[in-house]
Amino acid sequence: MSKIFLLGKPQDVITQTFFSLCRTAGHQVHIYDDIDDVESIPEEPLEAHELPDFVIICHHGWMDYHSLPEFLEALSEEHHPIVLLSGISTSGYATTYDTPFFDREVISRLIMYSPLAFYQGRHVIEFAPTKATDPEALAKAKNLFQSLQVKAYEITDTPGLVLPRVLAMLVNEAASAVMEGVASPEDIDTAMKLGTNYPEGPLAWADKIGIDVICQILDTLVNEYFEDRYRPVLLLKQMAGSGKLGVKTGEGFYIYEGSKTELEETSS
Amino acid sequence: MSKKTDTPPVETIKRVGIVGAGTMGAGIGQISALKGFQVVLFDIKEDFLKRGRTQIETSLAKGKARGKLTDDDLQRVNENLITTLKLKETAQCDLVIEAVPENMALKKEIFQELDALAPDGTILSSNTSSLSVTEIAGATKNPDRIAGLHFFNPVPLMKLVEIIRGERTDPRIIETLKVFAQAVGKTPVIAKDTPGFIVNRVARPFYGEALRLLGEQATSHETIDEVLKEAGGFKMGPFELMDLIGLDVNFAVTQSVYEAYFHEPRYKPHIIQRRMVDAGLLGRKTNQGFYTYDSKKA
Ligand SMILES: NC(=O)c1ccc[n+]([C@@H]2O[C@H](COP(=O)([O-])OP(=O)(O)OC[C@H]3O[C@@H](n4cnc5c(N)ncnc54)[C@H](O)[C@@H]3O)[C@@H](O)[C@H]2O)c1
């Protein structure tokens, strides 16, 4: 049994999935809500027996360059848990060269992971150690994944790993086609499902994950590669900027009414 | 260029002319005849027409063996489909679908002939998967009666049809083609004439990013395929798909979209594609692509 701190919003799919997987596996699990919620940062350093073995960052509210080290320091100055960093969030990349915030102790216990499959109810994870991750920490993380009964794939540390990168770029392409008036979102999704057998249309899929999250993955790719190829198309940024984030806000490429999973096509 | 007449395009399709009895032409002829349309299938040689007929018979026999088609269905296709070596006969239809090889000069020539032969009101369409419908139509006197009608391979199985709206296509034609596509059992989507239309454009990153990940040695091609299937729910991974499509075909599509968009970086081909094509590792058809296939298996 391990002690696990989840840093994320309790209502978020990722946090919820980890919470139930951890519970089922018999781990002790505690959720820390958003960093803005100052109460959630322990005031007094925790007792040794209360310290976590793993800190899993589920939500990008925690991905700020300052809040995570602050949180870890607040826990304890001597104890260093293994940190799993979500690779689908702002600055969601473990070893970017301008990472000033992690000291070597933290980096040696840092592993990036992608929980994108959780949005489709698939218990699959991709993960990547940094170039400086301690092999022992990596082995422990693998054991954790095994105990959670998730299928885990080890990848080399790469911005966006595999699925987040491929999917965000598919969404970006579909969004550019919408923006250029090539076809309607409905027709684009239908075409990709029937013409090439995709499990979901990329735009409905993006609505499920969140347009903000898609933009964050693309931002990470732009920041790391400095390539035009990865820039999010204007439409995605405008949607993210105006709160059309998809299912969670009731509108994205489609409009969602009543039941959050019920998809209603926009009349436009 | 001015319009020949003011005759409106036909609203109800009954007779369908098909130019080119190859993989796609024969397939489109088969499903149209099956759904009760009168089909006139044209090719330039008797042998090619025969080959088209054989393809249709084989496909129908399979459908029957699987219990999906009845003897009545087979008979209906037989009655409804005729073949011809005269383009004029194929042009005397409500809708003509061109399915000759993917070559702009050839397509322009055929559309000029069709435009001259077909009665006013006849709708002319191309099954092209990568050429500009606007450019093809621009070579004729009546570009307003021309649209794209992009079926997918194999035609009897694939549900999708992309209807392509050229710059000068009459909007009424799009509606008529939509009804026709539904009548032959397909789901139509409508796309503006842009490189790759919908599917061949939006699918580009699936291959492009996978190739980049492989090029950077993020992991093996097997793992990339497996992650996309297991984590993403894709039925096939990008490397399996490239092997199936043929690396040469996939590379050609990538290049054509990249060129057509004036070197937009998102569509940039990858050096791995070129090397594999140069090496003759084309996928399943050469028994070796990203994966190795057993030559004894069909
Ligand atoms: N094969 C596919 O997967 C696929 C899928 C979608 C669209 N397409 C498009 O469909 C079209 C046809 O492709 P295909 O795979 O059926 O090719 P194919 O080579 O199987 O068939 C082409 C046919 O056209 C005939 N032909 C050649 N010159 C001709 C002429 N001057 N007049 C009339 N017929 C002529 C050939 O004899 C042959 O029977 C192409 O534009 C292609 O891009 C192909």
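Only a predicted model underlies this, so the values are computations on that prediction, with no experimental measurement involved. (Residues numbered from 1 in each chain as written. Chains lettered and ligands numbered in written order. Predicted model: local features only at pLDDT ≥ 70, side-chain atom pairs only at ≥ 80, totals over all residues. Heavy atoms only, no water.)

## Observations concerning the pattern of salt bridges
Working definition: two side chains of opposite charge can pair if their charged atoms are close together.
Logical step 1: A full pass over the atoms with the stated rule returns 27 salt bridges over all chains.
Logical step 2: Glu89(B) is the partner of Lys86(B) in a salt bridge, and the nearest nitrogen-oxygen pair spans 3.9 Å.
Logical step 3: A residue is classified by how much of its surface remains accessible, and Glu89(B), at 34% relative accessible area, is partly exposed.
Logical step 4: Note that Arg172(B) is salt-bridged to Asp170(B), the shortest N-O span being 2.9 Å.
Logical step 5: Taken together, the shared-partner salt bridges in this structure form one network comprising Glu173(A), Glu180(A), Arg231(A), Arg201(B), Glu264(B) and Arg266(B). (Salt bridge = Lys/Arg side-chain N within 4 Å of Asp/Glu carboxyl O. Buried < 20%, exposed > 50% of the residue type's maximum accessible area, 1.4 Å probe, protein only.)

## Observations regarding the confidence of the model for chain B
A low pLDDT means the predicted coordinates there should not be read in detail.
Logical step 1: In this model, chain B carries a mean pLDDT of 96, and residues with pLDDT of at least 70 account for 97%.
Logical step 2: Scored by ipTM, the complex comes to 0.95, with pTM at 0.93. (pLDDT = per-residue confidence, 0-100.)

## Description of the environment of Ser147(A)
Residue and element names in this part refer to chain A.
Logical step 1: Within the secondary structure, Ser-147 sits in helix H4 (residues 135–147).
Logical step 2: Placed 145 residues apart in sequence, Ser-147 and Ser-2 show a C-alpha to C-alpha distance of 9.9 Å.
Logical step 3: With residues near it in sequence (within four places) discarded, Ser-147 still touches Ala-25 and His-27.
Logical step 4: Engagement of the side chain of Ser-147 in a polar contact is seen with the side chain of His-27, the distance being 2.8 Å. (Helix = DSSP H or I, 4+ residues; strand = E, 2+ residues; numbered from the N terminus. Contact = heavy atoms within 4.5 Å. Polar contact = N/O pair within 3.5 Å; in protein donor to acceptor, adjacent residues only side chain to side chain.)

## A short note on the nonpolar core
Logical step 1: Among the nonpolar cores identified, the biggest contains 121 residues, and Phe18(A), Leu236(A), Phe253(A), Ile198(B) and Phe290(B) are the most heavily contacted of them.
Logical step 2: A per-element tally of this core places helix H5 (residues 163–179) of chain A first, with eleven residues.
Logical step 3: Once residues within four sequence positions are removed from consideration, Phe18(A) is found in contact with Leu6(A), Ile56(A), Cys58(A), Tyr113(A), Phe118(A), Ile125(A) and Leu148(A).
Logical step 4: Counting residues in hydrophobic clusters, the runner-up holds 35 residues, among them Leu49(B), Ile97(B), Leu149(B) and Val155(B). (Core = buried A, V, L, I, M, F, W, Y, C linked by side-chain atoms within 4.5 Å.)

## Digging into the site of the ligand
Residue and element names in this part refer to chain B.
Logical step 1: As a matter of local geometry, the ligand sits amid 24 residues, with Met-24, Asp-43, Glu-102, Lys-107 and Asn-127 nearest to it.
Logical step 2: Within the side chain of Arg-51, an N or O atom sits 3.1 Å from an oxygen atom of the ligand.
Logical step 3: With respect to the ligand, the side chain of Asn-127 contributes an N or O atom lying 3.0 Å from an oxygen atom.
Logical step 4: Relative to its free-state accessible area of 820 Å², the ligand is covered by the protein chains to the extent of 77%.
Logical step 5: Every element with two or more residues in the shell around the ligand is listed here: helix H1 (23–34), helix H2 (46–65), helix H5 (104–117) and strand E6 (146–151).
Logical step 6: In the shell around the ligand, the residues fall into twelve nonpolar, eight polar and four charged. (Near = heavy atom within 4 Å. Areas by Shrake-Rupley, 256 points an atom, 1.4 Å probe, with all protein chains shown as cover. Nonpolar A, V, L, I, M, F, W, Y, C, P; charged D, E, K, R; others polar.)

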